[in-house]
There are 2 protein chains.
Amino acid sequence: MRENLARLPDRESASHRDDKIELKVWLRLLTCTSLIEAEVRSRLRSSFDTTLPRFDLLAQLDRAGDGLTMGELGSRLMVTGGNITGLVDALAAEGLVERAPHARDRRSRVIRLTAKGRRAFAKMAPVHERWIDAMMAGMGRAEMTELLRLLGRLKDSVRQTGGAR
Amino acid sequence: MRENLARLPDRESASHRDDKIELKVWLRLLTCTSLIEAEVRSRLRSSFDTTLPRFDLLAQLDRAGDGLTMGELGSRLMVTGGNITGLVDALAAEGLVERAPHARDRRSRVIRLTAKGRRAFAKMAPVHERWIDAMMAGMGRAEMTELLRLLGRLKDSVRQTGGAR
DNA sequence: GCAAGTTAGTTTAGATATAAATTATCGAGG
DNA sequence: CCTCGATAATTTATATCTAAACTAACTTGC
């Protein structure tokens, strides 16, 4: 039986009343992400027998149009290069992506979806989008718009101050 | 040299103008979490030579007071039991936590911080909190309060509709 | 041209994660 | 009592991920 993560105590459970709001925001952000991620991961497995990182990688390639280098994939998925190498190896073995030489830089390689990869993603994408929609069905449109805006502010703040050394 | 993740194109880069707002919220949520996580992970390594999951586990134990079972740790950190077993093994080997028998259920084991574990966490916690504060320094207090509220709404929505099968 | 530093990708070693199978114990109903 | 389904933790197999070392190719400044 699969545990139902959705209803059990989470990171915030022991949150102290006097915790700083910054910490609370961070813990709740992490809780939301983990909840959605776990749900998507489990559904990708049961519906399409694939994994979240593989789906994410295919999604980036699909959006990019004519391929991305390994480095671009790494920056978009925010993971290390070694990780991308492994994921692309696996997806190439499944015949969903292919490595092509880069036109002007022989160090680089352009990763592209194969026809099979494009078909596979096209089948999954709308279903995946419905899962996300359903999980956010409890929020109003105005709330989502405002949440998107505030997350944008947070992203800017982190990039401004977090990355500075 | 460590890549500076903070300024490169992320998941949203290829976001279509007509993407549904639900998908945009999810991608931006993931971007924020990944950014903060990468920063905290890197700093935990360079400042304290430890990792994020270990720090998280210590934090939960510290907040809990008199110990948590393996299952409770799993639900709070939202990871599977097998993962917790490995983390507790590692932390126990470092002498930061210990397994004690459960008073009324011989299947369970209560995990507690050792004195050394408590000291280690006490040293890291305030520094960790300053990192989080700094990353959110670009936001106003009212914005954070509203963000916290909206994330709460999202959490409720996911728990309501996501977990339902 | 060409040495020196940089960048793209891979490899390696080890840590973290899942899912599924297993073991031990619990708890309820007969 | 005692069997049977449920639960707690671990084990196993495999996938994902990081950090750091490495290789090959690029670029810059002279």
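Scroll up for the structure.
Bear in mind that the values here come from a model prediction, so they are computed numbers and not experimental data.

1. Observations regarding the protein's contact with DNA strand C
- In the vicinity of DNA strand C, 22 residues are found, and the nearest of them are Met70, Gly71 and Arg107 of chain A together with Thr51 and Thr80 of chain B.
- Atoms of DNA strand C within 4 Å of the protein: sugar and phosphate make up 81%, bases the balance.
- A distance of 3.2 Å separates a phosphate oxygen of DNA strand C from a polar backbone atom of methionine 70 of chain A.
- Side-chain polar atom of threonine 51 of chain B to a phosphate oxygen of DNA strand C: 2.5 Å apart, as the coordinates give it.
- Contributions of two or more residues to the surface near DNA strand C are made by helix H3 (70-77) and helix H4 (81-93) of chain A together with helix H2 (52-64) and helix H4 (81-93) of chain B.
- Its residues assigned to classes, the surface near DNA strand C shows five nonpolar, nine polar and eight charged.

2. A closer look at the pattern of salt bridges
- As enumerated under the stated definition, the model contains 28 salt bridges over all chains in all.
- In this structure, arginine 149 of chain B and glutamate 146 of chain B form a salt bridge, with 3.0 Å as the shortest nitrogen-oxygen distance. Taken together, the residues arginine 149 of chain B and glutamate 146 of chain B, both in helix H6 (residues 141-162) and three residues apart, mark about one turn of the helix.
- Judged by relative accessible area, which is 42%, arginine 149 of chain B ranks as partly exposed.
- Given the relative accessible area of 25%, glutamate 146 of chain B is considered partly exposed.
- When salt bridges that share partners are traced, they join Asp10, Glu12 and Arg28 of chain A together with Lys155 and Arg159 of chain B into one network.

3. Side note on the environment of aspartate 66 of chain B
Residues and elements named next belong to chain B.
- With respect to the helices, strands and loops of the structure, aspartate 66 is situated in the loop between H2 and strand S1 (68-69).
- For the pair formed by aspartate 66 and leucine 113, sequence separation is 47 residues and the distance between their alpha carbons is 8.6 Å.
- Here aspartate 66 is in contact with Val110 and Arg112, once residues within four sequence places are set aside.

4. A few points about the packing of helix H1 (residues 21-48) of chain A against helix H2 (residues 52-64) of chain A
Residue and element names in this part refer to chain A.
- Where H1 contacts H2, the two axes come as close as 9 Å, and the packing angle between them is 90 degrees. By the angle between their axes, H1 is roughly perpendicular relative to H2. Only Leu52, Pro53 and Phe55 of H2 make contact with H1, whose side of the interface consists of Glu37, Val40, Arg41 and Leu44.
- For the contact of H1 with H2, the residue count by class is five nonpolar, no polar and two charged.

5. A short note on the sheet that holds strand S2 (residues 97-101) of chain B
Residues and elements named next belong to chain B.
- Spatially, three strands are ordered S1-S3-S2 in an open sheet, and the strand pairing comes out antiparallel. Edge positions in the sheet fall to S1 and S2, since each has one partner strand and no second.
- Two elements, S1 and strand S3 (residues 109-113), share two bridges in a ladder whose sense is antiparallel. Within the sheet, the bridge partner assigned to leucine 68 lies in S3 and is isoleucine 111.
- Its contacts with the sheet put H4 on S2 and S3, and the angle it makes with S2 is roughly 115 degrees.

6. Re the relation of the copies chain B and chain A
- Overlaying chain B on chain A yields an RMSD of 0.0 Å, the required transformation being a rotation through 180 degrees with an accompanying axial translation of 0.0 Å. Accordingly, the operation relating the two chain copies is best matched by a two-fold axis. It is leucine 147 of chain B whose C-alpha, among those of chain B, lies nearest the rotation axis, at 3.3 Å.
- Most of the interface of chain B is mirrored in chain A, where 100% of its interface residues again form contacts.

7. Notes on the protein's contact with DNA strand D
- Not every one of the 24 residues close to DNA strand D is listed here, only the nearest: Thr51 and Thr80 of chain A together with Met70, Gly71 and Arg107 of chain B.
- Considering DNA strand D, the proportion of its atoms within 4 Å of the protein that are sugar or phosphate atoms stands at 80%.
- Arginine 54 of chain A is positioned with one of its side-chain polar atoms (N or O) 3.0 Å from a phosphate oxygen of DNA strand D.
- The contact in question runs from a base oxygen of DNA strand D to an N or O atom on the side chain of arginine 107 of chain B, over 2.5 Å.
- Broken down by class, the residue content of the surface near DNA strand D amounts to five nonpolar, 10 polar and nine charged.

8. Quick word on the interface of chain B and chain A
- Facing 76 residues of chain B, the contacting portion of chain A comprises 76 residues.
- Taken together, chain B and chain A are joined by 14 salt bridges.
- As a salt-bridge pair, arginine 153 of chain B and glutamate 143 of chain A come within 2.7 Å of each other at their nearest N and O atoms.
- The tally of links between chain B and chain A comes to 31 residue pairs in polar contact (both at pLDDT 80 or more).
- Contributing elements (two or more residues each) for the side of chain B that touches chain A: helix H1 (21-48), H2, helix H3 (70-77), helix H5 (115-135) and H6 of chain B.
- A total of 20 residues in the side of chain B that touches chain A trace back to one element, the largest contributor, which is H1 of chain B.

Calculation notes
- Residues numbered from 1 in each chain as written.
- Chains lettered and ligands numbered in written order.
- Predicted model: local features only at pLDDT ≥ 70, side-chain atom pairs only at ≥ 80, totals over all residues.
- Heavy atoms only, no water.
- Near = heavy atom within 4 Å.
- Polar contact = N/O pair within 3.5 Å; in protein donor to acceptor, adjacent residues only side chain to side chain.
- Helix = DSSP H or I, 4+ residues; strand = E, 2+ residues; numbered from the N terminus.
- Nonpolar A, V, L, I, M, F, W, Y, C, P; charged D, E, K, R; others polar.
- Salt bridge = Lys/Arg side-chain N within 4 Å of Asp/Glu carboxyl O.
- Buried < 20%, exposed > 50% of the residue type's maximum accessible area, 1.4 Å probe, protein only.
- Contact = heavy atoms within 4.5 Å.
- Axes fitted to C-alpha atoms, helices over the stretch in contact; angles between N-to-C directions.
- Parallel < 35°, antiparallel > 145°, perpendicular 65-115°, else oblique.
- Pairing = 2+ DSSP bridges.
- Least-squares fit on C-alpha atoms with pLDDT ≥ 70 in both.

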